[in-house]
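Listed below are the residues making up each chain.
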Amino acid sequence: MGTNAIYEYAAMAIGGFMYLRSMMGPEKTLTAFYDFPEMVHEMMRTWLHLVKTCLLRVQKKVPFFKLLIGEDICYKNGLFISPAMIEEFLSPYYKDLITSLREGQKKDLHIEVDTDGNLSQVIPLYMGIGFNVFRPFEVAAGNDVIECGGKYPNIIMSGGIDKRILSRSKDEIKKELERIIPFMVKRGGYIPTCDHTVPSDVPYENYLYYRKIIISMDGG
């Protein structure tokens, strides 16, 4: 590529909730919000200092187009913690980080959250914090990208294609894609991927067919 080529970079960081869970384990994290709230705040201040310091140093040399936060704050039926806990223990630190990063560069910066489980409560909460990209919309957890895409037209979405269907017949794969892709192409702001890692039981031929159909439907 020539010297005038434009490069786009994405940054990644562990999310606040995932950080707490990694440090204390799931059960102790959930009880700590009740039993040791000041300790949780101190841990979040440490998280913010680490992530913010590292990202701002990199950003001075290389602006980002996206920051991906690995969070996993949901399970099949919704959030692991209440919206009030998110507001108290996560929101202030995320807002500090996001504001600092967006002020640190002229180009737009998208903030993406990756969380398994049902996103119905996450989307409005994290939009209020400053996130505008969401993934992976696991179908088995009750997510529907068409429903979410219609309800929240301004967010960017990735995922939402049922990974379990990829191991079935080509007719089932095509039917699933015909349900999703035309609507999302018209809507815009959608990256067509399956709703998590492609399972090991998916035949390679099926995967190639799935990608071929997507390309034919989105005009690629």
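Parameters at a glance
Residues numbered from 1 in each chain as written. Predicted model: local features only at pLDDT ≥ 70, side-chain atom pairs only at ≥ 80, totals over all residues. Heavy atoms only, no water. Helix = DSSP H or I, 4+ residues; strand = E, 2+ residues; numbered from the N terminus. Pairing = 2+ DSSP bridges. Polar contact = N/O pair within 3.5 Å; in protein donor to acceptor, adjacent residues only side chain to side chain. Contact = heavy atoms within 4.5 Å. Buried < 20%, exposed > 50% of the residue type's maximum accessible area, 1.4 Å probe, protein only.

Draft legend 1. Region of interest: unusual backbone geometry. Going from Arg135 to Pro136, the amide bond is cis rather than trans, its omega being 5°. Look at Asp72: it is not a glycine, yet its phi comes out positive at around 45°. Structurally, Asp72 can be placed in the loop between strand S2 (66-70) and strand S3 (74-75). Even without a glycine there, the phi angle at Phe137 is positive, about 60°.

Draft legend 2. Spatial organisation of the sheet that holds strand S5 (residues 110-114). Spatially, S1-S2-S5-S6-S7-S8 is the arrangement adopted by the six strands of the open sheet, whose pairing is parallel. At either end of the open sheet lies a strand with only one pairing partner, and these are strand S1 (10-14) and strand S8 (190-191). As paired strands, strand S6 (residues 133-135) and strand S7 (residues 156-158) are joined by two bridges and run parallel to one another. In the sheet register, Val133 faces S7, and the bridge partner there is Ile156.

Draft legend 3. The arrangement of the side chain of Asn118 in detail. Tracing the backbone through its elements, the reader meets Asn118 in the loop between S5 and helix H5 (122-129). A distance of 2.7 Å separates polar atoms of two side chains, one belonging to Asn118 and the other to Ser120. Ignoring anything within four residues of it in the chain, the contact list for Asn118 reads Cys74, Tyr75, Lys76, Asn77, Gly78, Ala141, Gly142 and Asn143.

Draft legend 4. Here's a closer look at the pairing of S1. Alternating positions in S1 separate cleanly, Ala11 and Ala13 being buried on one face and Ala10, Met12 and Ile14 remaining unburied on the opposite face. For S1 and S2, the ladder comprises five bridges, and the chain directions are parallel. Among the inter-strand pairings, Ala11 is bridged to a residue of S2, identified as Leu67.

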